[in-house]
Amino acid sequence: MSRTVVCYTDSTGFGGAEIAMLNLIEGLDRRVWRPVLFHHTSPGLSPLVTRARDLEIETDIFESLPGHWDVAWLREFRRRIRRHGARLFHAHLQWPLASTYGIVSAWLARVPVVATQHLFGEIETPRSRRMQKAVSGAVDVYIAVSEHLASELYPRIIHPGKKIRVIRNSVRDVRATGTEAAAVLRRALGAGGERPIVLTLARLEKQKGIRYLIEAAALVPDALFLVAGEGPDRAELEGLSRSAGVADRFLFLGYRRDGRELLAACDLFVLPSLFEGLPLSVLEAMAAGKPVVATKVGGTDEAVEHDVTGLLVTPRDSAALASAIREVLSRTQLAQRLGEAGEARARRDFNPRIMVERTVGIYEELLGRSYVSGFQTGDSTWA
């Protein structure tokens with residue numbers, strides 16, 4: 001009989017963390033594991049729902065989170081965990097206090113909790129820091145998707161040495177589009193035969209640093225810049241592209257399901273993030289054999305080695321970003337060398353089979369314990 005693992009996200013948008021979660025679910029052996037996806041109602045999550053339906057994953061939908069602690073809401077969450085017969089609860093976190101309701105509810109239901117930290121933003125208040133420390137007592141294992149995130153987590157949770165494991169994101173083979181199909185897409189996007197395409201796959205929010213790419217585009221007049229993704233900052237960024245005089249060649253494509261085809265059609269992939277976990281889009285670009293220009297931030301620099309698998313620049317430096325883009329676009333041999341090295345690295349170090357096997361190993365470890373709900377002796381109490 002298969003064992004049920006509830007996978008939960010409280011995010012309201014679709015990005016790399018949600019794709020990574022789906023990649024894990026897709027890799028689980030359905031003869032052994034029965035994944036159930038918990039999520040909230042949000043228009044931004046429609047790609048997640050569609051992909052879950054394609055994978056024939058059972059879903060359970062919640063209304064939006066309450067704005068304050070609600071005991072009745074916790075009880076309902078716990079009831080649903082028990083109704084599905086969950087043996088494990090796996091939360092996917094995009095910030096330190098993400099999925100808190102789900103984690104506490106699973107703890108109350110006496111279900112082992114795994115929490116994957118995909119991203120880490122700074123917690124501003126002492127009260128929030130105390131809350132994170134307390135909630136961490138309900139988590140059995142934290143999975144950090146990079147060494148950088150592991151170092152960020154370490155001082156902020158209870159018993160970090162026993163709880164933190166690093167399992168990097170993975171990427172599947174994305175070389176499925178032929179050169180003819182890529183040429184057709186290039187023409188449809190307005191690139192023509194010679195005009196280089198610079199591609200970015202990212203959520204449109206401040207963390208991704210798209211405004212600095214817009215400024216860099218003004219310094220690279222011969223290239224067409226494409227940004228595929230949605231997010232809360234789209235209108236603001238479109239206004240910035242008009243102000244910078246690049247709106248005719250800096251195109252916002254919105255959410256696209258043809259990321260693989262876009263990668264095949266582009267000449268260069270760029271991600272100008274201000275901070276990261278381990279960006280899946282960079283791994284996908286590397287796996288597609290494309291040269292990468294990115295910012296030297298924690299997580300990204302564990303995938304992109306400067307002048308080996310890509311070029312790294314300082315965050316928020318539009319001039320340096322433009323210089324790196326021009327260098328790759330003007331030097332064919334450099335672009336080829338970076339793309340080939342990146343593809344080899346992606347296939348070797350970011351293999352989905354390894355990611356799934358290591359995660360399942362944690363599941364088996366937890367189910368092999370005699371699990372007793374409750375904080376261990378010496379754990380801090382709720383603040």
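Shown above is the structure to which this text applies.
Below: a short report on this structure. (Residues numbered from 1 in each chain as written. Predicted model: local features only at pLDDT ≥ 70, side-chain atom pairs only at ≥ 80, totals over all residues. Heavy atoms only, no water.)

1. Details of the overall build of the protein
The helix and strand tally for the protein stands at 15 helices and 13 strands. For 383 residues, the compact-globule formula gives about 21 Å, and the C-alpha radius of gyration of the protein, at 21 Å, lands near that figure. Taken over the C-alpha atoms alone, the protein extends approximately 65 × 45 × 35 Å along its principal axes. Within the protein, the proportion of its 383 residues that are buried is 56%. (Helix = DSSP H or I, 4+ residues; strand = E, 2+ residues; numbered from the N terminus. Rg over C-alpha atoms; globule rule 2.2 N^0.38 Å. Buried < 20%, exposed > 50% of the residue type's maximum accessible area, 1.4 Å probe, protein only.)

2. Here we look at the packing of aromatic side chains
The full count for this structure, using the stated rule, is 13 aromatic pairs. When the centroid spacing of 4.6 Å and the interplanar angle of 15° are considered together, the rings of Phe-62 and Phe-77 count as stacked. Pair noted here: Phe-62 is in strand E3 (residues 58–62) and Phe-77 is in helix H3 (residues 71–83), with a separation of 15 residues, a long-range link. We classify Phe-62 as buried; its relative accessible area is 3%. Positioned above the aromatic ring of Trp-33, the side-chain terminus of Arg-3 is 4.3 Å from the ring centre. In this structure, Arg-80 packs its charged tip against the face of Phe-62, placed 4.0 Å from the ring centre. (Phe/Tyr/Trp six-rings, centres within 6.5 Å; stacked < 30°, edge-to-face > 60°. Lys NZ or Arg CZ within 6 Å of the ring centre and 35° of its normal.)

3. Looking at the packing of helix H9 (residues 210–217) against helix H13 (residues 318–330)
Two quantities define a packed helix pair, namely the angle between the axes and the distance from one axis to the other. Following both chains from N to C, one finds H9 and H13 inclined at 60°, their axes separated by 8 Å at the closest point. In terms of orientation, H9 and H13 fall into the oblique class. Of the two elements, H9 crosses H13, and the hand of that crossing is right-handed. Every residue of H13 that contacts H9 at Tyr-212, Leu-213, Glu-215 and Ala-216 is listed here: Ser-318, Leu-321, Ala-322 and Ile-325. Of the residues belonging to the contact of H9 with H13, the class tally is six nonpolar, one polar and one charged. (Axes fitted to C-alpha atoms, helices over the stretch in contact; angles between N-to-C directions. Parallel < 35°, antiparallel > 145°, perpendicular 65-115°, else oblique. Left-handed = near helix turned anticlockwise from the far one by under 90°. Contact = heavy atoms within 4.5 Å. Nonpolar A, V, L, I, M, F, W, Y, C, P; charged D, E, K, R; others polar.)

4. Let's talk about the sheet that holds strand E1 (residues 3–8)
Spatial strand order, E3-E2-E1-E4-E5-E6-E7: seven strands in an open sheet with parallel pairing. With one partner strand each, in any of the chains shown, E3 and strand E7 (164–166) form the two edges of the open sheet. Mean inter-strand twist for the sheet, computed between neighbouring axes without regard to direction, equals 25°. Pairing geometry for E1 and strand E2 (residues 33–40), over six bridges, is parallel. Residue pairing for E2: Cys-7 is matched across the bridge by Leu-37. (Pairing = 2+ DSSP bridges.)

5. Focus: the pairing of strand E6 (residues 141–144)
Residues of E6 alternate between two faces, with Val-141 and Ile-143 on one and Tyr-142 and Ala-144 on the opposite face, all of them buried. Judged from the four bridges that link them, strand E5 (residues 113–117) and E6 form a sheet pairing that is parallel. What sits directly across from Gln-117, in E6, is Ala-144. Taking the sense of rotation as the criterion, the β-α-β connection linking E5, helix H5 (residues 126–136) and E6 turns out right-handed. Bridge count for E6 against E7 is three bridges, and the pairing is parallel. By the bridge assignment for E7, Ala-144 is matched with Val-166. (Right-handed = clockwise from strand over helix to strand, strands pointing away.)

6. Side note on unusual backbone geometry
Non-glycine residue Glu-56 carries a positive phi angle of around 60°. Residue position: Glu-56 is located in the loop between helix H2 (46–54) and E3. On the basis of relative accessible area, Glu-56 is assigned to the exposed category, the value being 68%. Look at Arg-110: it is not a glycine, yet its phi comes out positive at around 60°. Checked against the element boundaries, Arg-110 lands in the loop between helix H4 (100–108) and E5. With a relative accessible area of 62%, Arg-110 lands in the exposed category.

7. Looking at the packing of H9 against helix H10 (residues 234–243)
At a minimum axis distance of 10 Å, the contact between H9 and H10 shows a crossing angle of 15°. Judged by the angle between their axes, H9 and H10 are roughly parallel. Pair H9 / H10 crosses with right-handed handedness. Contacts between H9 and H10 involve Ile-210, Arg-211 and Ile-214 on the former and, on the latter, Glu-236, Leu-237, Leu-240 and Ser-241.

8. As for the pattern of salt bridges
Under the definition given, this model contains 26 salt bridges. Arg-80 is the salt-bridge partner of Glu-76, the closest N and O atoms lying 2.8 Å from each other. Note that Glu-76 and Arg-80 are positioned in helix H3 at a spacing of four residues, about one turn of the helix. Residue Arg-80 is classed as buried on the basis of its relative accessible area of 14%. Three or more residues joined by partner-sharing salt bridges are found here, namely Asp-60, Glu-76, Arg-79, Arg-80 and Arg-83. (Salt bridge = Lys/Arg side-chain N within 4 Å of Asp/Glu carboxyl O.)

Remember, this is a structural readout, not a statement about activity or role.
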